[in-house]
Amino acid sequence: MKEKFEQLITDLQSSICNEVEMLDGMETFKEDVWTREGGGGGVTRVLTNGKIFEKAGVNRSSVYGEVTPALAAQLKTKGSHFFATGISLVIHPLSPMVSTTHANFRYFELYDHQKNKVDCWFGGGADLTPYYLFEEDAIHFHKTFKAACDQFDPMFYPTFKIQCDEYFNNTHRGNERRGVGGIFYDYMRPNGNQTEEFLFEFSKACGKAFTQAYLPIVKRREALPYGEEQKKWHELRRGRYVEFNLIHDRGTIFGLKSNGRTESILMSLPPRVRFDYDDKPQTGSREEELIKVLKNPREWVNVR
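Quick summary incoming for the structure in this document. (Residues numbered from 1 in each chain as written. Predicted model: local features only at pLDDT ≥ 70, side-chain atom pairs only at ≥ 80, totals over all residues. Heavy atoms only, no water.)

## Notes on empty space enclosed by the protein
For the structure on display, the rule yields three cavities of 30 Å³ or more. Looking at the largest cavity, its volume works out to about 860 Å³. The wall of the largest cavity is formed by 42 residues, among which Arg 106, Gly 251, Thr 252, Phe 254 and Gly 255 lie closest to the centre. If you list the elements that add at least two residues to the lining of the largest cavity, you get strand E3 (53–66), helix H2 (69–75), strand E4 (81–93), strand E5 (100–111), strand E6 (117–129), strand E9 (181–188), helix H7 (250–257) and helix H8 (262–265). Where the lining of the second largest cavity is concerned, the elements lending two or more residues are strand E8 (176–177) and helix H6 (228–247). Counting residues per element, the lining of the second largest cavity draws most heavily on H6, which supplies three residues. Residue composition of the lining of the second largest cavity, grouped by class: three nonpolar, two polar and five charged. (1 Å grid on protein atoms, 1.4 Å probe; cavity = no way out; pocket = protein on both sides within 12 Å on 5 of 7 lines; lining within 4 Å. Points joined across faces, edges and corners; volume = space filled by probe spheres on them. Helix = DSSP H or I, 4+ residues; strand = E, 2+ residues; numbered from the N terminus. Nonpolar A, V, L, I, M, F, W, Y, C, P; charged D, E, K, R; others polar.)

See the structure below:
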């Protein structure tokens, strides 16, 4: 399974980067191959200052080593050694009319002192972060991942949609979600009918659904006009994105506590942000409309 998942994320990284480059039409991804002290490494690809995408990062990694006390506390485990592999990506478009997106798909194994595998699990998901709400974009994004989930279990999408809303939540901002959600799952262990192969195929289907869910949204919105006020709002909302990633995100915390590569872990951060004191959107504005949705997550598709 380790080798199969590594091949999956290699293929996903190539296909996603190729499609993003084709849509941008100006810039290409720069590749950075790195190794981790303690075991493993990865390949980070970053596109910057494109025609459509201000910053896009697609990182894959396979790391292994001893379970440190800090890592054991986070994972709530007494395992001796670990192996983790996955792909993580964030795309920050230049226009405030185009949503930011994030996705990751990962596989983890845990070993005892004799190097026997004692546990394994799958995790992943994808979410959409608009700056101006277009309902049809949120509906398309959710419908695409619902279709991927429904191939495996009709309860996957409604369950993972709720988990996404709960996870990507700036609780310190009055339960303001980072965006309009998507799906999020973690610690999916093989059991009963959900074998390792079943969970692998599910991860593969979700990974392949990503560009179908996101790129049509970019094509619809990238040519819309905007001005300085929209860019200011864009950068303020990006600030909230930074807050979530640095305060709450388990992937960021895991990467730093497992002595991961800081540049690759923090590649998710947008290039330009604002932190204005006590900024509030005008009553009745599109900005206020977005905040209301972020604080009260909607059902975007019919799950019955």
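Additional details are given in the paragraphs that follow.
## Let's talk about the environment of Phe 160
By the secondary structure assignment, Phe 160 is in helix H4 (residues 156–167). Sequence separation between Phe 160 and Phe 184 is 24 residues, and the spatial gap between their C-alpha atoms is 5.0 Å. Once you skip the residues sitting within four places of it in the chain, Phe 160 turns out to touch Cys 149, Gly 182, Ile 183, Phe 184, Tyr 185, Met 188 and Phe 202. (Contact = heavy atoms within 4.5 Å.)

## Let's talk about the pattern of salt bridges
Tallied over the entire structure, the rule returns 24 salt bridges. Between Asp 127 and Arg 178 there is a salt bridge, with the nearest N and O atoms lying 2.9 Å from each other. Here the residue Asp 127 occupies a position in strand E6, and Arg 178 occupies one in the loop between E8 and E9, the gap between them amounting to 51 residues. With relative accessibility at 2%, the residue Asp 127 sits in the buried group. Between Glu 176 and Arg 237 there is a salt bridge, with the nearest N and O atoms lying 2.9 Å from each other. With a gap of 61 residues between them, Glu 176 in strand E8 and Arg 237 in helix H6 connect regions that are remote in the sequence. For the pair formed by Glu 176 and Arg 237, the shared burial category is buried. (Salt bridge = Lys/Arg side-chain N within 4 Å of Asp/Glu carboxyl O. Buried < 20%, exposed > 50% of the residue type's maximum accessible area, 1.4 Å probe, protein only.)

## Overview of the pairing of E3
With eleven of 14 residues buried, E3 is to be regarded as a mostly interior element. Here strand E2 (residues 40–48) runs beside E3; their pairing, made up of nine bridges, is antiparallel. Its bridge partner being in E3, Leu 47 is matched across the sheet by Ala 56. What sits between E2 and E3 in their antiparallel hairpin is a turn of four residues, with Asn 49 showing a positive phi close to 55 degrees. Across 13 bridges, E3 lies against E4 in antiparallel orientation. Its bridge partner lying in E4, Gly 65 is registered against Phe 82. (Pairing = 2+ DSSP bridges.)

## A short note on the packing of helix H3 (residues 135–150) against helix H5 (residues 196–221)
Each pair of packed helices gets described by two things: the angle between the helix axes and the distance between those axes. Interaxial distance between H3 and H5 falls to 9 Å at its minimum, and their mutual angle equals 160 degrees. Compared by their axis directions, H3 and H5 come out roughly antiparallel. Two packed elements cross with a definite hand, and for H3 against H5 that hand is right-handed. Counting all contacts with H3, which are made through Glu 136, Asp 137, His 140, Phe 141, Thr 144, Phe 145, Ala 148 and Cys 149, the residues of H5 involved are Phe 202, Ala 205, Cys 206, Ala 209, Phe 210, Gln 212, Ala 213, Tyr 214, Pro 216, Ile 217, Arg 220 and Arg 221. (Axes fitted to C-alpha atoms, helices over the stretch in contact; angles between N-to-C directions. Parallel < 35°, antiparallel > 145°, perpendicular 65-115°, else oblique. Left-handed = near helix turned anticlockwise from the far one by under 90°.)

## Re the layout of surface pockets
The calculated volume of the largest pocket comes to roughly 350 Å³. Around the largest pocket, the lining is made up of 17 residues, and of these Arg 173, Glu 176, Arg 237, Arg 240 and Asp 279 lie nearest the centre. Of all the secondary structure elements, the ones that give two or more residues to the lining of the largest pocket are H6 and helix H9 (286–295). If you tally residues by element for the lining of the largest pocket, the top one is H6, at six residues. Looking at the lining of the largest pocket, its residues break down into five nonpolar, one polar and eleven charged. In this structure, the second largest pocket encloses a volume near 240 Å³. In terms of lining, the second largest pocket is formed by Glu 229, Gln 230, Lys 232, Trp 233, Leu 236, Asp 279, Lys 280, Pro 281, Gln 282, Ser 285 and Glu 287. Counting residues per element, the lining of the second largest pocket draws most heavily on H6, at five residues. Class assignment for the residues of the lining of the second largest pocket results in three nonpolar, three polar and five charged.

Nothing here speaks to function; it is geometry throughout.
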